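# Coordinates in review
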Amino acid sequence: MKVTIVGAGNVGASCADSISYRGIASEVVLLDIREGFAEGKAMDIMQCATNTGFNTNVSGVTNDYSKTANSDVVVITSGIPRKPGMTREELIGINAGIVKTVAENVLVHSPNCIVVVVSNPMDTMTYLALKSTGLPKNRIIGMGGALDSSRFRYYLSKALDKPSNDISAMVIGGHGDTTMIPLTRLASYNGIPVSQFLSQEELEKVAAATMVGGATLTGLLGTSAWYAPGASVAYLVDSILNDQKKMIACSVFVEGEYGQNDICIGVPCIIGKNGVEEIVDIKLNDAEKAAFAKSAEAVRNMNADLKSVLA
Ligand SMILES: NC(=O)c1ccc[n+]([C@@H]2O[C@H](COP(=O)([O-])OP(=O)(O)OC[C@H]3O[C@@H](n4cnc5c(N)ncnc54)[C@H](O)[C@@H]3O)[C@@H](O)[C@H]2O)c1
Ligand SMILES: O=C(O)C[C@H](O)C(=O)O
C-alpha cells in the first residue's frame with residue numbers, strides 16, 4: 001500500500017515517521033516544494049529503520065508528482081501553521097491556494113486515492129478539496145477530530161489521574177478553538193461515565209482545555225503541534241488501509257446528518273477501505289444539538305471566504 005504525504009514539514013514528516021514506524025504502509029512518498037527538504041526528511045526517517053525495525057520504504061521528492069503515482073491514500077499537510085495568538089481561520093488566505101493546487105495535482109497521478117486533509121483551517125480546506133476536485137464525499141476526509149479526541153482523553157486522564165488508554169471520549173464539531181464540542185456527557189472511564197468521578201466544574205475545565213489544546217501548544221512551541229497530529233493521521237490511515245472500520249470523528253461532507261447540509265464538519269464516522277463508510281448518528285441532547293448548530297454556522301461562514309478560490 002502506498003501513501004503520499006504532501007508537505008514534509010513538522011506534521012508531514014511526523015506522519016511519515018508514525019506510518020513507517022507502525023508498519024501501516026509498504027511505501028511512503030514525502031513531497032515538498034522546498035528543494036531537497038522532503039528528500040532529507042525521508043533519508044533521516046529511513047535511517048531509523050534498522051534501530052526501530054520497520055520495513056516501509058520512505059522516499060522524498062521536490063514537487064515531482066509523478067513519483068506519487070498510484071497512491072492509495074494522499075495526506076495534505078502543505079501550508080503554513082499558525083503562530084501564537086493567531087486562530088487557525090487566519091491561515092485561509094495562503095492555505096486555500098496551496099490546498100486547491102495540491103489536491104488537483106495529486107489526483108492527476110492517483111485518480112483512485114482517498115484524500116486526507118490536514119492543512120488549516122481544516123474543515124474549510126476539506127470542503128475546498130471536495131468542491132475543487134469533485135471527488136465523491138467518501139474519499140475526502142478531514143483530520144481533526146482524532147487529534148481533538150486524543151487531547152480530550154489526555155485532559156480527562158490528567159483530571160482523573162488515570163491512564164488515557166482507559167478513557168473513551170470524542171470531540172465533534174468544527175476543528176476550531178471555539179467550534180469544537182467535547183462530548184463530556186458520553187465520556188467514560190472503562191465504561192463508567194466520567195461524571196461519576198469528576199464534578200461538573202472539573203468537566204467544564206477539561207472541555208475548555210481541550211478546545212484550546214492546539215492554541216496552548218502553539219503558545220509553548222512558537223508554532224503548532226506535530227507529534228500528536230502525525231500520530232492521529234497514522235491512526236486514521238491505518239483504519240483506511242487495513243479496513244479496520246474504526247469509529248473516528250472526522251470532518252466530512254454532510255447531507256442532512258446532524259441537521260446540516262453542504263459543509264464539512266466533524267462527526268463520528270466509520271472509516272475503512274472506502275474512506276468514509278458511514279456517519280454514525282449519535283443521539284445528542286438539546287444542549288449538544290444547539291452547540292453543533294452553532295459550530296456548523298461558524299464552519300459554514302468560513303466557507304463563504306472560498307468564493308474567489310472556487311470561482
Ligand atoms: N488538522 C489538524 O489537526 C492539524 C494539526 C497540526 C497542523 N495542522 C496544519 O497543518 C499544516 C502544516 O503544519 P506544519 O506544522 O507541518 O507546517 P510546516 O511549515 O512545518 O510545514 C509545511 C510544509 O508545507 C510545504 N509547502 C508549502 N506549500 C507547498 C506546496 N504547494 N506543495 C508542497 N509543499 C508545500 C512547506 O515547504 C513546508 O515544508 C498547517 O496548516 C497547520 O495549521 C493541522
Ligand atoms: O493548533 C493548530 O493550529 C494546529 C492544529 O490544528 C492543532 O490542533 O494542533
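Preceding block: the structure.
Below is a short write-up of the structure.

Definitions and cut-offs
- Residues numbered from 1 in each chain as written.
- Chains lettered and ligands numbered in written order.
- Predicted model: local features only at pLDDT ≥ 70, side-chain atom pairs only at ≥ 80, totals over all residues.
- Heavy atoms only, no water.
- Helix = DSSP H or I, 4+ residues; strand = E, 2+ residues; numbered from the N terminus.
- Near = heavy atom within 4 Å.
- Polar contact = N/O pair within 3.5 Å; in protein donor to acceptor, adjacent residues only side chain to side chain.
- Axes fitted to C-alpha atoms, helices over the stretch in contact; angles between N-to-C directions.
- Parallel < 35°, antiparallel > 145°, perpendicular 65-115°, else oblique.
- Left-handed = near helix turned anticlockwise from the far one by under 90°.
- Contact = heavy atoms within 4.5 Å.
- Nonpolar A, V, L, I, M, F, W, Y, C, P; charged D, E, K, R; others polar.

## Digging into unusual backbone geometry
Negative phi is the rule for most residues except glycine; trans is the rule for most peptide bonds. With an omega dihedral of -5 degrees, the bond running from Asn-120 to Pro-121 counts as a cis peptide bond. Tracing the chain through its elements places Pro-121 in the loop between β5 (114-117) and α5 (122-133). Even without a glycine there, the phi angle at Asn-190 is positive, about 50 degrees. Considering the arrangement of structural elements, one finds Asn-190 in the loop between β10 (188-189) and β11 (192-193).

## Considering the site of ligand 1
Surrounding ligand 1, one finds 27 residues, the nearest of these being Asn-10, Val-11, Asp-32, Ile-80 and Met-143. Backbone polar atom of Gly-79 to an oxygen atom of ligand 1: 3.5 Å apart, as the coordinates give it. Contacts to ligand 1 include Val-118, whose backbone N or O atom sits 2.9 Å from a nitrogen atom. When residues of the shell around ligand 1 are assigned to their parent elements, the largest contribution, three residues, is made by helix α4 (residues 92-109).

## Looking at the packing of α4 against α5
For the pair α4 and α5, the least separation of the axes is 9 Å and the interaxial angle reads 40 degrees. Judged by the angle between their axes, α4 and α5 are oblique. Taken as a pair, α4 and α5 cross one another with a handedness that is right-handed. On α5, the residues that touch Ile-92, Asn-95, Ala-96, Val-99, Lys-100, Ala-103, Glu-104 and Leu-107 of α4 are Thr-124, Met-125, Leu-128, Ala-129, Ser-132 and Thr-133. Along the lines of polarity and charge, the residues of the contact of α4 with α5 split into eight nonpolar, four polar and two charged.

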